[in-house]
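Chain by chain, the residues:
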There are 2 protein chains.
Amino acid sequence: MISFPPTFSDVEKAAERIAPFAEKTPVLTCSAINEMAGAELFFKCENFQKVGAFKFRGACNVVFSLTDDEGAKGVATHSSGNHAAALALAGKLRGISVHVVMPSNAPENKQQAVAGYGADITFCEPTLDARESTLKKIISDTGAIMIHPYNDYGIIAGQGTAAFELISDYPDLDTIVAPVGGGGLISGTCIAAKGMKPDISIIGSEPQGADDAFQSLEKGEIVPQIHPQTIADGLLTSLGDKTFPIIQKHVSQILTVSENGIINAMRTIWERMNIIIEPSAAVVLGALLEHPEESIGDKIGLILSGGNANLKNLPW
Amino acid sequence: MISFPPTFSDVEKAAERIAPFAEKTPVLTCSAINEMAGAELFFKCENFQKVGAFKFRGACNVVFSLTDDEGAKGVATHSSGNHAAALALAGKLRGISVHVVMPSNAPENKQQAVAGYGADITFCEPTLDARESTLKKIISDTGAIMIHPYNDYGIIAGQGTAAFELISDYPDLDTIVAPVGGGGLISGTCIAAKGMKPDISIIGSEPQGADDAFQSLEKGEIVPQIHPQTIADGLLTSLGDKTFPIIQKHVSQILTVSENGIINAMRTIWERMNIIIEPSAAVVLGALLEHPEESIGDKIGLILSGGNANLKNLPW
């Protein structure tokens, strides 16, 4: 476990550690979208990552950083989403036990995914209190190590490997845009990108209806996200005390996006690129298209965070 | 223009000719689908090709094979679909005029795509008679050269470049599966694949409701496709006298797929691979999953022909 804010060297080590297990995801381009944005865009496709989201990078890095003694105790988390599936798969690959607390209303396909990777699931009432107390009991019973979905230095270093690969392939990017939920992805992106290219700009993108990072940077302290309202259900959480200082130091700007902007960007990517991304992944393009007044750069990397969309209920 | 059945050398020349314009599309794999199929599958993603379909390969090859004198006359075709868009873009890139006859009921997005590439569109009644007579008049007025969507040796050689790239990347494939409509893609696949690897098997896949290639191989002569009934709207046409002999010589088997099998395979690819393919592209996986009794090979290449699906009206 890393107990200090990760350095670029931690990202490099993470990249090496997860290489046998994670996908080196492709970078796609689309001339029609370049025309819309007035810039050259490079989409890092984490929708093609294992479990369909960048979350596997962080979970895999942490699980394979554990000593054998630590691993023998197993790992635990509470999550209704991609982090649970990512931890379950990483644990399966390492051969250690994984305990996941899920709210009883977690989507059935997520439950099946987590169960399919052999994790031990405990259901609880769908409240944060119930999730935390249930998790605490499991940890005290089993001795399992709690793995937070984003407020964890090993997770942050792991998430940084997406930007590490992107800049390795496209070293002349001016800017990288990443979505901001709890801040794990964007803070890892900062460490990786600034380590490789100190003059690169890092821009965060957030739904208008969940703009706690925007507010936190304005205020200079963590503003918790209360009652978020957005289709981008991966971006509902507040920043953590490990992610916020990294964001504060390196992120030059947070651009917020309307719900229509998110849906239009999602549809544009589906239609023009023929790939499936989830709403939370669409905020990066939404931010560019909704802020043509911002001069963001000529060559822009965008991290498409995941592809676990509901194919039965499309927002158009 | 090629006036003899193409050889492997024609495919190689086509690959070189179209390289500056066409995408070298990625090959994706999916461990979950491998488990379902009981084999290792390699998906050649022509849904990421220019205009969203393999059709651009053939159109590009033919347009850039024209002499300057031929090119000056322009090219013409009738099509309601991907061939029209492919020819329009290829013509735009070469800087020659493109005349497209479209039925008045052609989907609006296809009309826009063709118009967006600057082609000259003439609308006609949605009957084959009206399409052919309108095209004949345009050709007699302009001297433009007719480019058939599949019954053309240059088109066939161009379509073969998809399999050429696939086998170049994965030389140890046992089998390639391609969909069969008019036969341009699969006959090009035969020329390319057998030229590189004489012992490879080529399998065609077809909707049960448009199984004219299956019937044609059984009967030993072209059986026209009358009243096709399938969601795979790219596979409605009959074989041509240039494609059938190549198929007859090289294709070992045609597997037919039910409508449910097509829809399930399409959904499986959307859900598991996070890519968008059109129904016609799903028949290749549908064929494998619906015929587990067939021993097709351990390493199988599948050509995903295109991604121009209707995002407003999904079949599930």
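Cut-offs applied
Residues numbered from 1 in each chain as written. Chains lettered and ligands numbered in written order. Predicted model: local features only at pLDDT ≥ 70, side-chain atom pairs only at ≥ 80, totals over all residues. Helix = DSSP H or I, 4+ residues; strand = E, 2+ residues; numbered from the N terminus. Rg over C-alpha atoms; globule rule 2.2 N^0.38 Å. Buried ≥ 20, exposed ≤ 12 C-beta atoms within 10 Å, placed from the backbone. Contact = placed C-beta atoms within 7 Å. Nonpolar A, V, L, I, M, F, W, Y, C, P; charged D, E, K, R; others polar. Pairing = 2+ DSSP bridges. Axes fitted to C-alpha atoms, helices over the stretch in contact; angles between N-to-C directions. Arc of directions from axis to C-beta. Domains from an automatic or database assignment. Least-squares fit on C-alpha atoms with pLDDT ≥ 70 in both. pLDDT = per-residue confidence, 0-100.

Teacher, can you tell me more about the overall build of chain A here?
Helix and strand counts for chain A come out as 13 helices and 10 strands. For 316 residues, the compact-globule estimate of 2.2 N^0.38 gives 20 Å, and the C-alpha radius of gyration of chain A, at 18 Å, lies within 12% of that figure. Its C-alpha atoms put chain A at 55 × 40 × 40 Å along the principal axes. Every one of the 316 residues in chain A was classed for burial, and the buried ones make up 54%. For chain A, the proportion of contacts with a sequence separation of at least 24, taken over those separated by at least 6, is 74%.

What's the story with the interface of chain A and chain B in this structure? I'm lost.
A common way to express how large an interface is: the accessible area buried when the components associate. On the chain B side, the residues contacting the 12 residues of chain A number 13 residues. Taken together, the residues that form the side of chain A that touches chain B break down as 6 nonpolar, 4 polar and 2 charged.

When you look at the pairing of strand β10 (residues 299-304) of chain A in this model, what are you seeing that I'm missing?
In the case of a regular strand, side chains alternate between the two sheet surfaces. All names here are of chain A. The buried count for β10 comes to 5 of 6 residues, which makes it a mostly enclosed element. Both strand β2 (residues 40-45) and β10 contribute to a ladder of 6 bridges, which runs parallel. When the bridges of β10 are listed, C45 appears paired with L304. In terms of strand pairing, strand β7 (residues 175-179) meets β10 through 3 bridges, oriented parallel. Note that in β10 the partner of I176 across the bridge is G301.

Could you clarify how one ought to interpret the environment of G81(A) in this entry?
Residues and elements named next belong to chain A. Along the polypeptide, G81 turns up in the loop between β3 (75-78) and α5 (82-94). For G81, a count of 22 C-beta atoms within 10 Å translates into the label buried. Along the backbone, G81 and E206 are 125 residues apart, and their C-alpha atoms lie at a distance of 19 Å. Apart from residues no more than four positions distant in its own chain, G81 is found in contact with K110 and G234.

Sorry if this is basic, but what is going on with unusual backbone geometry here?
For residues besides glycine, phi is generally negative; the peptide bonds are generally trans as well. Residues and elements named next belong to chain A. The phi torsion at V51 lies on the positive side, around 55°, for a residue other than glycine. Along the chain, the position of V51 falls in the loop between β2 and α3 (55-63). For V51, a count of 26 C-beta atoms within 10 Å translates into the label buried. The backbone of N274 shows a phi angle near 55°, a positive value even though the residue is not glycine.

For this particular structure, what's the right way to read the sheet that holds strand β8 (residues 201-207) of chain B?
Sheets are built from strands that pair by backbone hydrogen bonding, the pairs being arranged parallel or antiparallel. Residues and elements named next belong to chain B. Reading across the sheet, the 6 strands line up as β1-β2-β10-β7-β8-β9 and stay open at both edges, with mixed pairing between neighbours. The open sheet has two edge strands, β1 (27-28) and β9 (251-257), and neither has a second partner. Across 5 bridges, strand β7 (residues 175-179) lies against β8 in parallel orientation. Note that in β8 the partner of T175 across the bridge is S201. Lying over the sheet, helix α9 (residues 184-196) contacts β7, β8, β9 and β10 (299-304), oriented at roughly 160° with respect to β7.

Honestly, helix α1 (residues 8-18) of chain A in this entry has me stumped. Any pointers?
All names here are of chain A. If you check which residues of α1 are buried, you get D10, V11, A14, A15, R17 and I18. Down the axis of α1, the sector holding all buried residues measures 165°, keeping them to one side. Away from its buried face, by an angle of more than 90 degrees, α1 presents the exposed residues S9 and E16. The inward-facing, buried residues of α1 contact α3, α8 (153-169) and α9 (184-196).

I would appreciate a short explanation of the domain arrangement of chain A in the present structure.
Residue and element names in this part refer to chain A. Here chain A is described as being made up of domain 1 (8-54 + 153-304) and domain 2 (56-146). The gap between the C-alpha centroids of domain 1 and domain 2 is 25 Å. Facing 19 residues of domain 1, the contacting portion of domain 2 comprises 14 residues. Those elements giving two or more residues to the side of domain 1 that touches domain 2 turn out to be α1 and α8. Here the side of domain 1 that touches domain 2 is composed, by residue class, of 10 nonpolar, 7 polar and 2 charged.

Quick question: what am I supposed to make of the relation of the copies chain A and chain B here?
A rotation about some axis, followed by a shift along it, carries one copy of the chain onto the other. The two copies are related by a screw motion: chain A maps onto chain B through a turn of 180° and a shift of 0.0 Å along the axis, at an RMSD of 0.0 Å. The transformation just described matches what one would write down for a two-fold rotation axis. Taking C-alpha positions as the reference, the residue of chain A nearest the rotation axis is I275(A), at 2.1 Å. When you check the interface residues of chain A against chain B, 100% turn up at the interface there too, and the contact is symmetric in its surfaces.

Teacher, can you tell me more about the sheet that holds strand β5 (residues 120-124) of chain A here?
Residue and element names in this part refer to chain A. Reading across from one edge, β5-β4-β3-β6 is the order of the 4 strands in this open sheet, with parallel pairing throughout. Where the open sheet ends on each side, the last strands, each with one partner, are β5 and β6 (145-146). Contacts from α5 reach β3 and β4 (98-103), with the element oriented near 165° to β4.

I would appreciate a short explanation of the environment of A88(A) in the present structure.
Along the chain, the position of A88(A) falls in helix α5. Separated by 178 residues in sequence, A88(A) and M266(A) place their C-alpha atoms 28 Å apart.

Would you explain the confidence of the model for chain A in this entry?
Residues shown with low pLDDT carry predicted positions that ought not to be read at fine detail. Taken residue by residue, chain A gives an average pLDDT of 95. The fraction at 70 or more is 100%. With a pTM of 0.93, the predicted complex shows an ipTM of 0.90.

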